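Observations on the three-dimensional arrangement
The primary structure of each chain is shown beneath.
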Amino acid sequence: MRIVTPRDAGKIQIVSATDTRARLEILPDDANADFKQYFSFVARGLSGGATFEIENAGTCTYGDAFEDYRVCASDESGPEDAWFRVPTEFDGTTLRFSYEGDLAALRFAYYPPYPRARRVTLVDRLRKSKRARVETLGESVRGEPMHAVHFGRVPADGQRDDDDARKIWIVAQQHPGETMAGWFMEGLASRLAFDDDEVVTILRENSRIMLVLCMNPDGALAGNHRTNARGRDLNRCWWDADDEESPEVLCVRKALYDHGVDFFLDVHGDEHVPYVFVAGAEGNPHYTDRIEALEEEFSNAMLDSTSEFQTEHGYPKDAPGKGDLRCAGNYVGEAFDCLSLTLEMPFKDNANNPDEGAGWSIDRCRGLGASTLEALVHVIDVLR
Ligand code: ZN
């Protein structure tokens with residue numbers, strides 16, 4: 001067989017390959033060797049199946065997270081959003097997986113990549129919906145445009161912001177390997193742009209929704225797991241963002257100050273936890289009872305909106321005053337005294353609702369994105 005590294009989001013090194021067996025190694029992020037986890041490659045020339053061994057899986061940044069994990073696969077000539085899981089074993093060192101079907105060319109990945117071309121097409125479709133305005137906020141290290149897509153009460157050119165409109169910000173893929181966040185945003189943005197239900201109407205009439213579909217376009221294209229082209233973890237750059245090292249955060253942060261924030265959601269994926277959950281800003285120096293009540297209200301609204309959400313499993317709570325203000329969720333909550341959350345989806349599956357064939361799938365990411373808008377409607381009147 002032949003192992004091919006795609007130009008978009010490919011990351012793997014070949015140790016050896018025969019017709020039925022490939023030995024591979026995951027490569028670190030381009031500019032930061034501390035992070036090594038994401039992989040994506042194409043295997044061609046298969047006839048009747050093959051076995052793949054990633055020999056350095058155990059030494060990856062979240063090596064133990066390969067426990068109970070299954071690799072994602074898709075037909076290389078099929079749609080880019082149709083994936084399934086293949087049988088996978090992890091012995092603490094090597095991640096071993098196999099394919100036994102008839103396809104001759106497959107793509108394998110830690111999680112299905114959200115391709116750059118698909119994002120460009122999506123932005124274009126959103127613009128053409130006539131419901132969205134696309135603003136270029138700045139550029140990434142490598143010169144990719146940083147877009148915010150605005151919906152709802154967007155003032156005409158030259159007019160000042162509408163003070164009454166609630167300012168909703170949702171950003172994704174600060175960590176580029178957490179590609180489920182890209183699929184989540186596709187579901188959420190598509191509902192806003194193309195659906196005509198009551199949720200969409202209420203949000204468009206009462207708020208201005210601003211989406212950053214991908215915070216880290218360079219890292220996503222490179223197939224990095226965690227960092228940008230300068231090797232920076234953007235979700236540790238919000239306190240001291242700068243033009244050289246983290247221009248992606250700097251330009252989005254400025255837009256937040258320009259337009260205001262009443263609600264902020266930062267969308268991620270978690271390697272270990274097999275559940276959907278949110279993390280709040282309880283560790284912030286100026287965390288208040290009001291914010292705590294809003295967090296609870298939003299979580300309850302999510303529970304009502306989707307059976308994928310739960311509140312039992314998640315991250316340990318930060319101690320009072322110990323929140324890391326370099327992280328987007330904490331920084332924005334502290335700076336704007338607003339409801340500010342980090343949403344996590346699994347790489348593995350939702351253990352409350354397991355799917356043998358696909359695990360935590362692209363459709364479930366898109367569905368969760370669309371459902372999040374329902375939860376938002378329930379809190380929109382109390383955000384201020
Ligand atoms: Zn993340």
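Residues numbered from 1 in each chain as written. Predicted model: local features only at pLDDT ≥ 70, side-chain atom pairs only at ≥ 80, totals over all residues. Heavy atoms only, no water.

The next subject is the state of the cysteines. Applying the stated criterion across every chain yields a total of zero disulfides. Residue cysteine 72 stays outside any disulfide, its sulfur separated by 9.7 Å from that of cysteine 365, the closest cysteine. For cysteine 72, a relative accessible area of 2% translates into the label buried. With no disulfide partner, cysteine 214 has as its closest neighbouring cysteine sulfur the one in cysteine 251, 12 Å distant. (Disulfide = S-S within 2.5 Å. Buried < 20%, exposed > 50% of the residue type's maximum accessible area, 1.4 Å probe, protein only.)

Tallied over the entire structure, the rule returns 21 aromatic pairs. Aromatic pair phenylalanine 41 and phenylalanine 52: ring centres 5.9 Å apart, planes at 50°, arrangement tilted. Of this pair, phenylalanine 41 sits in strand E4 (residues 40-44) while phenylalanine 52 sits in strand E5 (residues 50-54), and the two are eleven residues apart along the sequence. Each of the two residues, phenylalanine 41 as well as phenylalanine 52, counts as buried. For the ring pair tyrosine 257 and phenylalanine 336, a centre distance of 4.8 Å and an interplane angle of 40° mean the geometry is tilted. (Phe/Tyr/Trp six-rings, centres within 6.5 Å; stacked < 30°, edge-to-face > 60°. Helix = DSSP H or I, 4+ residues; strand = E, 2+ residues; numbered from the N terminus.)

The next thing to look at is the layout of surface pockets. It is a probe the size of a water molecule, rolled over the atoms, that shows where empty space is left. When its volume is computed, the largest pocket comes out at roughly 870 Å³. Around the largest pocket, the lining is made up of 39 residues, and of these Val278, Ala279, Gly280, Glu282 and Tyr315 lie nearest the centre. Secondary-structure elements contributing two or more residues to the lining of the largest pocket are strand E15 (263-270), strand E16 (277-279), helix H6 (289-305), helix H7 (328-336) and strand E17 (339-346). For the lining of the largest pocket, the class distribution of residues is eleven nonpolar, 14 polar and 14 charged. (1 Å grid on protein atoms, 1.4 Å probe; cavity = no way out; pocket = protein on both sides within 12 Å on 5 of 7 lines; lining within 4 Å. Points joined across faces, edges and corners; volume = space filled by probe spheres on them. Nonpolar A, V, L, I, M, F, W, Y, C, P; charged D, E, K, R; others polar.)

So, on to helix H1 (residues 116-128). Taking 1.5 Å as the rise per residue, H1 with 13 residues should run 18 Å; its terminal C-alpha atoms sit 19 Å apart, in good agreement. Looking at the buried side of H1, the elements it contacts are strand E11 (132-139), strand E12 (145-152), helix H2 (180-194), helix H4 (217-222) and helix H8 (362-379). Trailing H1 by a residue or two, lysine 130 shows a phi angle of about 70°, which is positive. (Expected span 1.5 Å × (residues − 1). Contact = heavy atoms within 4.5 Å.)

The next thing to look at is a negative patch on the surface. There is a patch of like negative charges on the surface, built from Asp289, Glu292, Glu296 and Glu297. Locating glutamate 296 in the fold gives a position in helix H6. (Patch = residues over 30% accessible without salt bridge, like charges linked within 9 Å, V, L, I, M, F, W, Y side chains within 5 Å. Areas by Shrake-Rupley, 256 points an atom, 1.4 Å probe, with all protein chains shown as cover. Salt bridge = Lys/Arg side-chain N within 4 Å of Asp/Glu carboxyl O. Lys, Arg positive; Asp, Glu negative; His and termini not counted. Charge placed at Lys NZ, Arg CZ, Asp CG, Glu CD.)

The next point concerns the domain arrangement of the protein chain. Entries for the protein chain in the domain assignment read domain 1 (2-109) and domain 2 (116-382). Taking the mean C-alpha position of each, domain 1 and domain 2 sit 28 Å from one another. Surface buried jointly by domain 1 and domain 2 totals about 2,200 Å² across both partners, of which 47% is contributed by carbon and sulfur atoms. Linking domain 1 to domain 2 there are three salt bridges. Counting across the domain 1 and domain 2 interface gives 22 residue pairs in polar contact (both at pLDDT 80 or more). Here the side of domain 1 that touches domain 2 is composed, by residue class, of nine nonpolar, three polar and twelve charged. (Domains from an automatic or database assignment. Buried area = accessible area lost by both parts, 1.4 Å probe. Polar contact = N/O pair within 3.5 Å; in protein donor to acceptor, adjacent residues only side chain to side chain.)

Coordination of the zinc ion by the protein is provided by His175 (ND1), Glu178 (OE), Glu178 (OE) and His268 (ND1), with metal-donor distances spanning 2.1 to 2.5 Å. In this structure, the zinc ion is surrounded by four donor atoms whose angles at the metal cover 57 to 147°, and the resulting shape is irregular. Look at where the donors of the zinc ion fall in the sequence and you get H-x2-E-x89-H. The residues histidine 175 and glutamate 178 share a single accessibility class, namely buried. (Donors = N, O, S within 2.8 Å, 3.2 Å for Na, K, Ca; no water. Tetrahedral: all angles 85-135°; square planar, octahedral: opposite > 155°, others 65-115°.)

Let's shift gears to the nonpolar core. Ranked by internal contacts, the top residues of the largest apolar core, which has 84 residues, are Phe39, Phe52, Phe108 and Leu211. It is H2 that contributes the most residues to this core, nine residues altogether. Residue-level mapping places this core at the junction of two domains, with at least three residues from each of domain 1 (2-109) and domain 2 (116-382). Core analysis: the second largest hydrophobic core is formed by 24 residues, Met210, Val249, Val332 and Cys338 among them. (Core = buried A, V, L, I, M, F, W, Y, C linked by side-chain atoms within 4.5 Å.)

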